[in-house]
Amino acid sequence: MTLDPEFSKQTSTLIEQTLELYKSAGASPRVGQLWDCQNVGDFLCGFFVGEMVGSALSAFQIVHKREPTADEHMEIIELVESYSKEIKEFFVKFN
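Residues numbered from 1 in each chain as written. Predicted model: local features only at pLDDT ≥ 70, side-chain atom pairs only at ≥ 80, totals over all residues. Heavy atoms only, no water.

Caption draft 1: Main features of the nonpolar core. Ranked by size, the top nonpolar core spans 22 residues in total, and within it Leu19, Phe48, Ile76, Ile87 and Phe91 carry the most contacts. Within the residue set of this core, elements represented by two or more residues are helix H1 (5-25), helix H3 (40-64), helix H4 (70-81) and helix H5 (84-91). Sorting elements by how many residues they give to this core places H3 first, with nine residues. Beyond its immediate sequence surroundings of up to four residues, Ile87 is in contact with Leu19, Cys45, Phe48, Val49 and Val80. (Core = buried A, V, L, I, M, F, W, Y, C linked by side-chain atoms within 4.5 Å. Buried < 20%, exposed > 50% of the residue type's maximum accessible area, 1.4 Å probe, protein only. Helix = DSSP H or I, 4+ residues; strand = E, 2+ residues; numbered from the N terminus. Contact = heavy atoms within 4.5 Å.)

Below, the structure written as structure tokens:
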């Protein structure tokens with residue numbers, strides 16, 4: 001593991017808190033029409049995962065003042081993936 005433990009902890013907190021925000025806010029009923037997607041839950045799940053990975057990569061750049069190495073990048077993705085069960089359970093409700 002190459003990510004520092006504090007960064008990993010903060011990233012986990014970001015994922016957890018953002019998922020809770022999504023749970024309380026729900027989704028716009030126009031998502032399927034606006035983005036022309038049949039499986040709104042799958043679309044939202046992909047959007048959420050991309051948002052979390054992107055936010056974590058941006059935070060990494062700000063905190064460390066450099067780009068993550070390939071290993072660090074993969075660890076960030078794996079950190080988001082470690083929440084896959086909770087993320088999928090929530091977003092499948094929109095399909």
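Caption draft 2: Representation of H4. Compared with the 16 Å implied by 1.5 Å per residue over twelve residues, the 16 Å span of H4 between its first and last C-alpha is a close match. Looking at H4, one finds that the buried residues are Glu72, Glu75, Ile76, Leu79 and Val80. What you see down the axis of H4 is that its buried residues fit within an arc of 140°, all on one side. Exposed side of H4, more than 90 degrees from the buried face: Ala70 and Asp71 are the residues found there. (Expected span 1.5 Å × (residues − 1). Arc of directions from axis to C-beta.)

Caption draft 3: Local environment of the pattern of salt bridges. Taken as a whole and judged by the stated rule, the model has three salt bridges. Note that Arg66 is salt-bridged to Glu72, the shortest N-O span being 2.8 Å. In this structure Arg66 comes out as partly exposed when scored by relative accessible area, which is 38%. With a shortest N-O distance of 3.8 Å, Glu89 and Lys85 are connected by a salt bridge. With Glu89 and Lys85 both in helix H5 and four residues apart, this pair spans about one turn of that helix. (Salt bridge = Lys/Arg side-chain N within 4 Å of Asp/Glu carboxyl O.)

Caption draft 4: Quick peek at the environment of Gln10. Tracing the backbone through its elements, the reader meets Gln10 in helix H1. Accessibility expressed as a relative area gives 47% for Gln10, which makes it partly exposed.

Caption draft 5: Highlighting H3. The terminal C-alpha atoms of H3, which comprises 25 residues, lie 36 Å apart, in line with the 36 Å expected from a rise of 1.5 Å per residue. Buried within H3 we find Val40, Gly41, Leu44, Cys45, Phe48, Met52, Val53, Ala56, Leu57 and Phe60. Taken together, the buried residues of H3 touch H1, helix H2 (31-34), H4 and H5. Backbone geometry just downstream of H3 places Lys65 in the positive-phi region, at approximately 55°.

Geometry only, nothing functional implied.
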